[in-house]
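Below are the chains, spelled out letter by letter.
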Amino acid sequence: MAAERILIVDDEPYVRAVMCAMLEICNYEPVLVSNGLEAIERIENDAPYDLILSDIMMSGLDGIGLLERVRTLEPDVPMVMVTAIHDIGVAISAMRKGAYDYLLKPFEKEQLLATVKRALEYRRLVRQNAMYQQNLEQLVEARTEMLHHAMADLERSYDITLEALGDALDLKDAETEGHSKRVTAYTIALARAMNVDSASIRIIARGAYLHDIGKMAIPDSILLKPGKLDLHEQAMMREHCMRGYQIVRKIPFLQGAAEIVYSHQEHYDGSGYPRGLRGDQIPLGARIFAVADTLDAITSDRPYRRANSFEAARKEIKRCAGTQFDPAVVKAYLSLPDKIWIDLRAEINRQDRLSPISFGSASQNKQVPTGTDS
């Protein structure tokens, strides 16, 4: 173990020599300078030092001035004032400015060594505490990183569960598969255009993806009926919002999405179902979804009609602003070119699967996607 280095600062050669001899006997490594300016030069160019012993009354930079500089340059190095001034006020002033201790001349060897030992022990404790703090910070950082990975893994597990629910619906109604994927991508794009925060976009995307999950509880005779539904069948079909809500709300991480599933058929003017909500009573995600849903419905083939153009969809959505749709959402939709929806649709058609796992990363980018960004 290297000897502990002690800087002795005193303008009296005899005092420096005596202190040096006392310290060398105890295997310390003293370094001698005659004034405060020399001490600063040593500290700046010959560090580190474990302790500084300094006289107070010196020409040039005195001991108090040196103390102030040391506290800036080496705040963890203890400094002991060694002086012949028998004035308690000077001692108090030195301690207030950061001195570790105060030693009066003349002193005995035992006094010097006891003071040095206490100061060096204090220095060791300070360094140990600093190392502990550093290790603690590194441990916290590592644990935080592990927690982030665990949370990411958990969220991926959530989205795998969500995808499984979507797959189950696909098995029930093959027509729903492409619609759910497209309307989710459209909803994300609209939410970005409205500057919705990324955490909310993830919730909205999940709600959009699962909006028709309640159709799993609708009898096939109604869900797959090729002709027009009668009034009783229409009433049964309308129950899919409530049934979907009852399915999804039982899953803790989908409680926010469940509200969108419940409200996705509500109209801005209160004419929708199942609760007849109006305006801001409808969750924002459901209001955004309503525009995306209609956009996809108009531009997709159905058994009873061919797909219409995106230009036609734009005109219809604009016409229904304030009645079926939130005007603010329509305004955001109209600010975006049709190329965005065309590119998104083409990208989804090129993919075998559109996993909800991509929703989280997709929503981090606030720019509106132009196809492959989705």
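Residues numbered from 1 in each chain as written. Predicted model: local features only at pLDDT ≥ 70, side-chain atom pairs only at ≥ 80, totals over all residues. Heavy atoms only, no water.

Asks: How would you sum up the overall build of the protein? Please name residues and give values.
Replies: Along the backbone of the protein there are 16 helices and five strands. Intrachain contacts of the protein at a sequence separation of at least 6 include 66% that bridge at least 24 residues. Roughly 19300 Å² of accessible area belongs to the protein as shown, and the carbon and sulfur atoms make up 54% of that amount. (Helix = DSSP H or I, 4+ residues; strand = E, 2+ residues; numbered from the N terminus. Contact = heavy atoms within 4.5 Å. Areas by Shrake-Rupley, 256 points an atom, 1.4 Å probe, with all protein chains shown as cover.)

Asks: Can you lay out helix α2 (residues 36-45) for me, pointing to particular residues and giving the numbers?
Replies: Helical geometry: 3.6 residues make up each α-helical turn, so side chains three or four residues apart lie on a common side. By the burial criterion, the buried members of α2 are G36, A39, I40 and I43. Looking down the long axis of α2, one finds its buried residues gathered within 100 degrees of arc, a one-sided arrangement. Exposed residues on α2 whose side chains face more than 90 degrees from its buried face are L37, E41 and N45. Looking at the buried side of α2, the elements it contacts are β1 (5-9), β2 (29-33), β3 (51-54) and α3 (63-73). You can read the cap of α2 off the contacts: a side-chain oxygen lies 3.1 Å from the backbone nitrogen of L37, and it is on N35. (Buried < 20%, exposed > 50% of the residue type's maximum accessible area, 1.4 Å probe, protein only. Arc of directions from axis to C-beta. Polar contact = N/O pair within 3.5 Å; in protein donor to acceptor, adjacent residues only side chain to side chain.)

Asks: Residues and numbers for unusual backbone geometry, please.
Replies: Excluding glycine, a negative phi dihedral is what most residues carry, and trans is how most peptide bonds are arranged. Residue P106 is bonded to the preceding K105 through a cis peptide linkage, with omega at -10 degrees. Here P106 is to be found in the loop between β5 (101-104) and α5 (109-172). Here the bond from Y273 into P274 is cis, since omega is 10 degrees, no more than 30 degrees from zero. When you line up the elements, P274 lands in the loop between α11 (255-263) and α12 (284-298). At N27, a position not held by glycine, the phi torsion is positive, near 70 degrees. Along the chain, N27 falls in the loop between α1 (13-25) and β2.

Asks: So, empty space enclosed by the protein: which residues are in play, and what are the values?
Replies: One pass over the full model with this rule turns up three cavities of 30 Å³ or more. Within this model, the largest cavity holds a volume of roughly 40 Å³. Lining the largest cavity, in full, are E266, Y268, I282, A286, R287, A290, Q324, F325 and D326. Per-class residue counts for the lining of the largest cavity are five nonpolar, one polar and three charged. (1 Å grid on protein atoms, 1.4 Å probe; cavity = no way out; pocket = protein on both sides within 12 Å on 5 of 7 lines; lining within 4 Å. Points joined across faces, edges and corners; volume = space filled by probe spheres on them. Nonpolar A, V, L, I, M, F, W, Y, C, P; charged D, E, K, R; others polar.)

Asks: Tell me what's going on with the confidence of the model for the protein, and back it up with residues and numbers.
Replies: The predicted model of the protein averages 85 in pLDDT, with 90% of residues at 70 or higher. Mean pLDDT across the elements of the protein ranges from a minimum in helix α16 (residues 357-362), with 48, to a maximum in helix α14 (residues 327-334), with 97. Confidence over residues 360-374 falls short of pLDDT 50; this stretch has 39 contacts with residues more than four positions distant or in other chains. (pLDDT = per-residue confidence, 0-100.)

Asks: Residues and numbers for the packing of helix α13 (residues 310-319) against α14, please.
Replies: Running from N to C, α13 and α14 cross one another at 155 degrees; their axes reach a closest spacing of 10 Å. Taken together, α13 and α14 sit at an angle that is classed as roughly antiparallel. At the point where α13 passes α14, the crossing takes the left-handed sense. Within the contact between the two elements, α13 uses F310, A313, R314, I317 and K318 and α14 uses V330, Y333 and L334. Taken together, the residues that form the contact of α13 with α14 break down as six nonpolar, no polar and two charged. (Axes fitted to C-alpha atoms, helices over the stretch in contact; angles between N-to-C directions. Parallel < 35°, antiparallel > 145°, perpendicular 65-115°, else oblique. Left-handed = near helix turned anticlockwise from the far one by under 90°.)

Asks: Talk me through the sheet that holds β2; I want residue IDs and the actual numbers.
Replies: Sheet architecture is open: five strands sit in the order β2-β1-β3-β4-β5, paired in parallel fashion. Across the chains shown, the open sheet's two edge strands, defined by having one partner strand only, are β2 and β5. The average angle at which neighbouring strand axes cross in this sheet is 20 degrees, direction not considered. With four bridges joining them, β1 and β3 adopt parallel strand pairing. Looking at the pairing, L7 lines up with I52 of β3. Along the sheet, α1 contacts β1, β2, β3 and β4 (79-83); its crossing angle with β2, the most-contacted strand, is approximately 170 degrees. (Pairing = 2+ DSSP bridges.)

Asks: Describe in detail the nonpolar core, supporting the description with residues and values.
Replies: The biggest cluster of nonpolar side chains holds 36 residues, and the ones touching the most others in it are L190, V291, L295, Y333 and W341. Elements represented by at least two residues in this core include exactly α6 (174-193), α7 (198-209), α12, α13, α14 and α15 (338-350). Excluding residues within four positions of it along the chain, L190 makes contact with I288, V291, A292, V329, A332, Y333, L336 and W341. Judged by nonpolar contacts, the second largest core, of 23 residues, contains L7, V9, V70 and V77. (Core = buried A, V, L, I, M, F, W, Y, C linked by side-chain atoms within 4.5 Å.)

Asks: Run through the pairing of β3, naming residues and quoting values.
Replies: Of the two faces of β3, both are covered, the one formed by L51 and L53 as well as the one formed by I52 and S54. Bridge analysis of β3 against β4 gives three bridges, and the strand direction is parallel. Residue pairing in the sheet places S54 in a bridge with M81 of β4. Between β3 and its parallel partner β4, the chain crosses via α3, and the hand of that crossover is right-handed. (Right-handed = clockwise from strand over helix to strand, strands pointing away.)

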